[in-house]
Amino acid sequence: MADKKHGRNAVCGQLQIAFDPPKKPKRNKYATACSFLASLASILLGYDIGVMSGAIIYIKKDLNINDVQVEILAGILNLYSLIGSAAAGRTSDWIGRRNTMVVAAVIFFVGAILMGFATNYAFLMFGRFVAGIGVGYALMIAPVYTAEVSPASSRGFLTSFPEVFINGGILLGYVSNFAFSKLPANLSWRFMLGIGAVPSVFLAISVLAMPESPRWLVMQGRLSEARTVLKKISESPEEADLRLSEIKEAAGIPECCNDDVVEVPKRPKGDSVWRELFVSPTPAIKHILLTGLGIHFFQQASGIDSVVLYSPTIFEKAGIKSDTDRLLATVAVGIIKTIFILVATFLLDRVGRRPLLLTSVGGMVMSLIFLSIGLTVIDHSDGTVFWAIALCITMVLVYVALFSIGAGPITWVYSSEIFPLRLRATGCGLAVALNRVTSGVVSMTFLSLEKAITIGGAFFLYAGLAGLAWVFFFTLMPETQGKTLEETEELFGNFFKWRSTLRELQAKEENNNAQIQMATVPAVGS
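Everything quoted here is computed from the prediction, not taken from an experiment.

A. Examining the overall build of the protein chain more closely. A count of helical and extended segments in the protein chain gives 24 helices and zero strands. Expressed as a percentage of the 526 residues in the protein chain, the buried residues total 57%. The contacts in the protein chain between residues at least 6 apart in sequence include a share of 82% that link residues at least 24 apart. As displayed, the protein chain has an accessible area near 21,700 Å², and 66% of this comes from carbon and sulfur atoms.

Structural data, given as structure tokens:
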């Protein structure tokens with residue numbers, strides 16, 4: 001009896017072991033550190049956006065420029081960054097992801113020094129041109145590198161780091177504005193812009209502690225180095241082997257090739273990549289390209305850069321007249337953005353991309369509508385309307401909080417994980433280019449738009465675009481949470497019918513898991 005009871009307990013124990021859900025693995029500290037260091041590149045853009053919001057107040061006074069020149073100065077960096085983001089794809093495929101970050105840091109350092117020593121508007125615009133190229137490099141390479149070193153289970157958390165650092169950079173820019181606002185006008189903006197050289201120095205130094213991307217190493221045929229890196233950034237040796245196998249398959253390297261250095265099958269040249277993206281794309285590539293570009297377009301078309309870059313102007317329209325008070329209010333915007341982006345990093349791999357994104361954009365629509373109402377009431381009132389002023393300030397803070405918890409980080413996470421390996425650098429480069437073009441158009445038209453349709457009308461327009469974004473995301477974007485970069489491509493190709501594909505993949509995965517569990521449990525009588 002004792003033996004039979006022991007046997008039943010043993011079988012029950014085996015059944016429990018077999019059917020218990022696997023414990024969630026701890027986050028890989030080495031992969032987290034690599035992602036953290038790589039994301040320092042994103043501070044460059046964030047600092048420039050934040051600092052320019054205050055610097056333009058003093059540049060306008062010192063150089064006697066008009067509103068059109070202010071718009072161009074504030075937004076032109078986004079267009080200049082196109083050169084950097086377009087070149088970054090090829091550069092990162094040529095010299096590696098790691099060295100491309102050094103290129104970004106050096107270029108931005110030179111641009112920041114030039115802006116700090118600018119003596120006139122033309123000189124300042126040249127400094128913006130150089131800094132913009134560095135920003136373009138940084139914007140493209142940081143999310144790509146982070147996605148390529150991140151384990152699937154924590155990729156959302158780690159790939160959101162670039163957006164965290166963009167927000168951190170914005171906050172630093174706002175603080176810099178406030179700190180130097182007491183200086184004479186001809187010195188304050190020069191210190192604000194010139195101090196931006198400091199983050200680029202930290203970025204260049206941090207690269208020394210980072211490994212090269214394992215996916216880039218495989219594409220170069222350097223399997224031994226890739227295997228070494230994967231063992232450090234994976235959560236188990238088995239996961240490292242699986243990731244290496246998947247990357248080799250994506251690179252066209254036979255599974256049996258396990259030499260330290262192998263010859264990689266000839267990859268598509270640049271024109272072949274462009275042909276696969278635009279001339280003869282498969283349905284999956286069409287769907288990936290549409291969603292990858294669409295999410296970047298709508299992120300900026302919803303007006304975030306107008307709110308962040310022109311927040312002193314918005315607060316002035318809302319009734320805050322003192323320069324110092326307006327700059328202090330922008331610091332509050334930066335703090336809120338940074339807090340909520342940190343919250344988002346811990347939710348991405350728990351809640352998923354779609355729920356966060358849809359909640360975020362839906363809330364942005366409502367906050368933009370209420371902001372428009374408040375600004376319109378103030379614009380048409382002769383006296384001070386305190387409830388409208390409070391509404392405007394509150395809605396600005398709510399808007400940036402909602403953006404930071406969803407649309408901000410998920411744009412970079414999602415676009416960096418959906419493109420196949422062979423197209424990733426070029427695809428992400430295109431997405432970043434569209435992001436910067438849209439941002440540039442929004443930034444360089446806000447003051448003109450305000451004059452044409454009023455500031456309330458401008459934010460009604462942004463609310464409408466955010467509403468279109470919500471419909472686009474709901475209908476076309478599959479959930480990618482928990483999928484490896486190589487598995488993600490399977491979710492695309494059916495456009496509006498992607499949910500049926502997801503159900504098929506989930507059923508297939510559940511069937512495979514059931515077979516594995518049944519194979520693990522021995523027969524009771526054996």
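The rest of the description comes next.
B. Structural view of the nonpolar core. In terms of nonpolar packing, the biggest core is built from 155 residues, with Ile59, Leu124, Trp189, Leu193, Phe446, Phe459 and Phe473 touching the most fellow members. Tallying contributions element by element places helix H22 (residues 421-476) first for this core, with 21 residues. Composition of this core by domain shows at least three residues from each of domain 1 (29-259) and domain 2 (273-513). With near-sequence residues (within four places) excluded, Phe459 lies in contact with Val307, Ile314, Leu368, Leu371, Ser372, Leu375 and Phe446.

C. Here's a closer look at the packing of aromatic side chains. Taken as a whole and judged by the stated rule, the model has 13 aromatic pairs. Considering the side-chain rings of Phe180 and Phe191, the 5.5 Å spacing of their centres and the 25° angle between planes classify their relative orientation as stacked. Placement of the pair is Phe180 in helix H8 (residues 161-180) and Phe191 in helix H9 (residues 185-194), with a sequence separation of 11 residues. Aromatic side chains Trp470 and Phe474 sit 5.2 Å apart centroid to centroid with 5° between the ring planes, which places their arrangement in the stacked category. Placement of both Trp470 and Phe474 in helix H22 is noted, with a separation of four residues, approximately one turn of the helix. The class of Trp470 is partly exposed, set by a relative accessible area of 31%.

D. Main features of the packing of helix H4 (residues 67-95) against helix H6 (residues 121-149). Running from amino to carboxyl end, H4 crosses H6 at an angle of 40°, the nearest separation of the two axes being 5 Å. Considered as vectors, H4 and H6 are oriented oblique to each other. Regarding H4 and H6, the two cross each other, and that crossing is right-handed. In terms of residue class, the contact of H4 with H6 is made up of 19 nonpolar, nine polar and one charged.

E. Seen up close, the environment of Ser236. Relative to the helices and strands, Ser236 is located in the loop between helix H12 (223-233) and helix H13 (237-251). A residue is classified by how much of its surface remains accessible, and Ser236, at 26% relative accessible area, is partly exposed. Taking the C-alpha atoms as reference, Ser236 lies 9.4 Å from Asn28; in sequence the two are 208 residues apart.

F. Structural context of the pattern of salt bridges. Within this structure, the stated rule accounts for nine salt bridges. With a shortest N-O distance of 2.8 Å, Asp93 and Arg97 are connected by a salt bridge. Judged by its relative accessible area of 32%, Asp93 is partly exposed. Here Glu417 and Arg353 are joined by a salt bridge, their closest N and O atoms 3.1 Å apart. Placement of the pair is Glu417 in helix H21 (residues 407-418) and Arg353 in helix H19 (residues 353-379), with a sequence separation of 64 residues. Each member of the pair Glu417 and Arg353 is classed as buried. Connected through shared salt-bridge partners, Lys60, Asp67 and Lys451 make up one network.

G. Inspection of the packing of helix H20 (residues 386-405) against H21 at higher detail. Viewed as axis vectors pointing N to C, H20 and H21 meet at an angle of 25°, and their least axial separation amounts to 3 Å. When the interaxial angle is binned, H20 and H21 end up roughly parallel. Together, Leu402, Phe403, Ser404 and Ile405 of H20 and Ala407, Gly408 and Pro409 of H21 make up the contact between the two elements. Looking at the contact of H20 with H21 residue by residue, the classes come out as five nonpolar, two polar and no charged.

H. Up close: unusual backbone geometry. Located in the positive-phi region is Asn64, a residue other than glycine, with phi close to 55°. Mapped onto the fold, Asn64 is located in the loop between helix H3 (43-63) and H4. A positive phi angle, near 75°, is found at Thr454, a position not held by glycine. Relative to the helices and strands, Thr454 is located in helix H22. When its relative accessible area of 32% is taken as the criterion, Thr454 is described as partly exposed.

Calculation rules
Residues numbered from 1 in each chain as written. Predicted model: local features only at pLDDT ≥ 70, side-chain atom pairs only at ≥ 80, totals over all residues. Heavy atoms only, no water. Helix = DSSP H or I, 4+ residues; strand = E, 2+ residues; numbered from the N terminus. Buried < 20%, exposed > 50% of the residue type's maximum accessible area, 1.4 Å probe, protein only. Contact = heavy atoms within 4.5 Å. Areas by Shrake-Rupley, 256 points an atom, 1.4 Å probe, with all protein chains shown as cover. Core = buried A, V, L, I, M, F, W, Y, C linked by side-chain atoms within 4.5 Å. Domains from an automatic or database assignment. Phe/Tyr/Trp six-rings, centres within 6.5 Å; stacked < 30°, edge-to-face > 60°. Axes fitted to C-alpha atoms, helices over the stretch in contact; angles between N-to-C directions. Parallel < 35°, antiparallel > 145°, perpendicular 65-115°, else oblique. Left-handed = near helix turned anticlockwise from the far one by under 90°. Nonpolar A, V, L, I, M, F, W, Y, C, P; charged D, E, K, R; others polar. Salt bridge = Lys/Arg side-chain N within 4 Å of Asp/Glu carboxyl O.

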